[in-house]
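Letter by letter, the chains look like this.
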Amino acid sequence: MELAELLPAAAACRELWGFGDPATLLAAEAECTAGFAIPRLREFAAGRYCARLALADLGAESAPLLMGAGREPLWPTGFTGSITHTAGYCAAAACRVGAVVSLGIDAERIVAVDRSERQVLFCPAEIDWLESLASPEQAAMACAMFSAKESYFKCTFPLTRRFLEFKEVELRFGARSFAVLNRNLDSRVHVRGAYRFMGGHDIVATAVVATSDPEDVSVAAPF
Ligand SMILES: CC(C)(COP(=O)(O)OP(=O)(O)OC[C@H]1O[C@@H](n2cnc3c(N)ncnc32)[C@H](O)[C@@H]1OP(=O)(O)O)[C@@H](O)C(=O)NCCC(=O)NCCS
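Treat the numbers as computed from the prediction; the structure is a model and nothing was measured.

Visitor: I'd like to hear about the sheet that holds strand S5 (residues 171-173), residue by residue, with values.
Guide: Sheets are built from strands paired through backbone hydrogen bonds, the pairs being either parallel or antiparallel. If you trace the five strands from one edge of the open sheet to the other, you get S4-S8-S7-S6-S5, paired in antiparallel fashion. Each having just a single partner strand, strand S4 (102-109) and S5 make up the two edges of the open sheet. Direction aside, the axes of adjacent strands within the sheet are offset by 20 degrees on average. As paired strands, strand S6 (residues 177-180) and strand S7 (residues 190-198) are joined by two bridges and run antiparallel to one another. Paired with Ser177 across the bridge in S7 is Ala194. On the sheet, helix H5 (residues 135-160) packs against S4, S5, S6, S7 and strand S8 (203-211) and is oriented at approximately 150 degrees with respect to S4.

In structure tokens:
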């Protein structure tokens, strides 16, 4: 469970390598999938399957995990979490509210992010940093940065209900973690991010954890 290493001990994380089985969806969840093409149905089923296992690890009763108006998963009262899928891999993380305020996870297959895409996704200082890296590292770190922004969005959306442009959020990367420089959150909420490469370096996974305790070092590694 490689992605779990990015999360606080209080979180439960379940992963699935391969594809989801739509037969595992609960009836109310299946109702959300009208019009889904088969690949989307499989990834949705994989996410719900992992999320149900993660919630069970925390002692939650099994219940349908429906979709909110912003496409966010609607976690049972008292729990929060996040889901990600990329080709052949899915993960869900869940945590009791209180142990964290919110969390977001994301996984991406590593692909080239060309110059024009970087201009859309990244701030000037982020691009300068990427271009300072040796070229094999640039593609991996560009994907990590993209993924980190997706994780930040998933973590903050349930708190703010705001969609974000990629360049609204500026990140600074360290060896295993990243800091969010221009957060859009209440100043009492503290945010930490961590990343790692996995699956033989084909996939980058990121997690952003929001807590109410600035001293909480049990969440993702400090920047
Ligand atoms: C929603 C989004 C973040 C999903 O990321 P992705 O890499 O395309 O896909 P992933 O498989 O990793 O994640 C999809 C899951 O994210 C979750 N998700 C979707 N919308 C969400 C939201 N508003 N809030 C929290 N989680 C959300 C869902 O669980 C979804 O899976 P499901 O529909 O099967 O339940 C992305 O499609 C998007 O809309 N991004 C634009 C907003 C953004 O990221 N801005 C930049 C931030 S700086």
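Read on, since the account is not over.
Visitor: Quick rundown of the packing of aromatic side chains? Include the residues and the values.
Guide: Under the criterion given, the structure shown has 10 aromatic pairs. The interplanar angle of 55 degrees and the centroid separation of 4.4 Å between the aromatic rings of Trp17 and Tyr89 together place this pair among those described as tilted. In this pair, Trp17 is assigned in strand S1 (residues 12-17) and Tyr89 in strand S3 (residues 89-96), connecting sequence segments 72 residues apart. Judged by centre distance (5.0 Å) and plane angle (50 degrees), the ring pair of Phe157 and Phe163 falls under tilted. One aromatic cluster is present, formed by Trp129, Phe173, Phe178, Tyr195 and Phe197 through successive ring pairs.

Analysis parameters
- Residues numbered from 1 in each chain as written.
- Predicted model: local features only at pLDDT ≥ 70, side-chain atom pairs only at ≥ 80, totals over all residues.
- Heavy atoms only, no water.
- Pairing = 2+ DSSP bridges.
- Helix = DSSP H or I, 4+ residues; strand = E, 2+ residues; numbered from the N terminus.
- Axes fitted to C-alpha atoms, helices over the stretch in contact; angles between N-to-C directions.
- Contact = heavy atoms within 4.5 Å.
- Phe/Tyr/Trp six-rings, centres within 6.5 Å; stacked < 30°, edge-to-face > 60°.

Take it as geometry only, folks, not as evidence of what the structure does.
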